[in-house]
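Inside the fold
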Amino acid sequence: MSPRGGGERGQPRRAAGAPKPEKVCPACGRPFQWRRKWAACWEQVKYCSDRCRARGTAG
Ligand SMILES: [Zn+2]
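These remarks concern the structure in this document. (Residues numbered from 1 in each chain as written. Predicted model: local features only at pLDDT ≥ 70, side-chain atom pairs only at ≥ 80, totals over all residues.)

1. A look at the overall build of the protein chain
- Check the secondary structure of the protein chain and you find one helix and two strands.
- Secondary structure elements of the protein chain occur, N-terminal to C-terminal, as β-β-α.
- For the protein chain, buried positions account for 2% of its 59 residues.
- Within the protein chain, contacts between residues at least 6 apart in sequence are counted, and of these 23% link residues at least 24 apart. (Helix = DSSP H or I, 4+ residues; strand = E, 2+ residues; numbered from the N terminus. Buried ≥ 20, exposed ≤ 12 C-beta atoms within 10 Å, placed from the backbone. Contact = placed C-beta atoms within 7 Å.)

Okay, here's the thing in C-alpha cells:
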C-alpha cells in the first residue's frame, strides 16, 4: 500500500435514472413528460401535443 494523498473523492453523480421533467398541459389538463424532440425548447413547451397547442386553453 502506498500512501496516496489528495485522492479525489466524491465523484459527481451521474444522472442515471434521473426523473424526467414533467409539465401539465393547460389544454387537456394532463401531465406529460419530457420528450427528446423538446430537448431544445422544453422551456417553451406548454402543451402536450400540437392538437392541444392549436386548441389552446380555450375550450
Ligand atoms: Zn394536452
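2. A word on the environment of Pro31
- Position of Pro31 among the secondary structure elements: in strand 2 (residues 31-33).
- For the pair formed by Pro31 and Cys48, sequence separation is 17 residues and the distance between their alpha carbons is 7.9 Å.
- Setting aside chain neighbours within four positions, we find Pro31 in contact with Glu22, Lys23 and Val24.

3. Some words on the environment of Ala27
- Among the structural elements, Ala27 can be located in the loop between strand 1 (22-24) and strand 2.
- When the C-alpha positions of Ala27 and Ala54 are compared, they lie 9.2 Å apart, and in sequence the two are 27 residues distant.
- With residues up to four places along the chain from it excluded, the contact list for Ala27 reads Tyr47, Cys52, Arg55, Gly56 and Thr57.

4. Focus: the environment of Cys28
- For Cys28, the position within the fold is in the loop between strand 1 and strand 2.
- Separated by 21 residues in sequence, Cys28 and Ser49 place their C-alpha atoms 9.7 Å apart.
- Sequence-distant contacts of Cys28, defined by excluding residues within four places in its chain, comprise Cys48 and Cys52.

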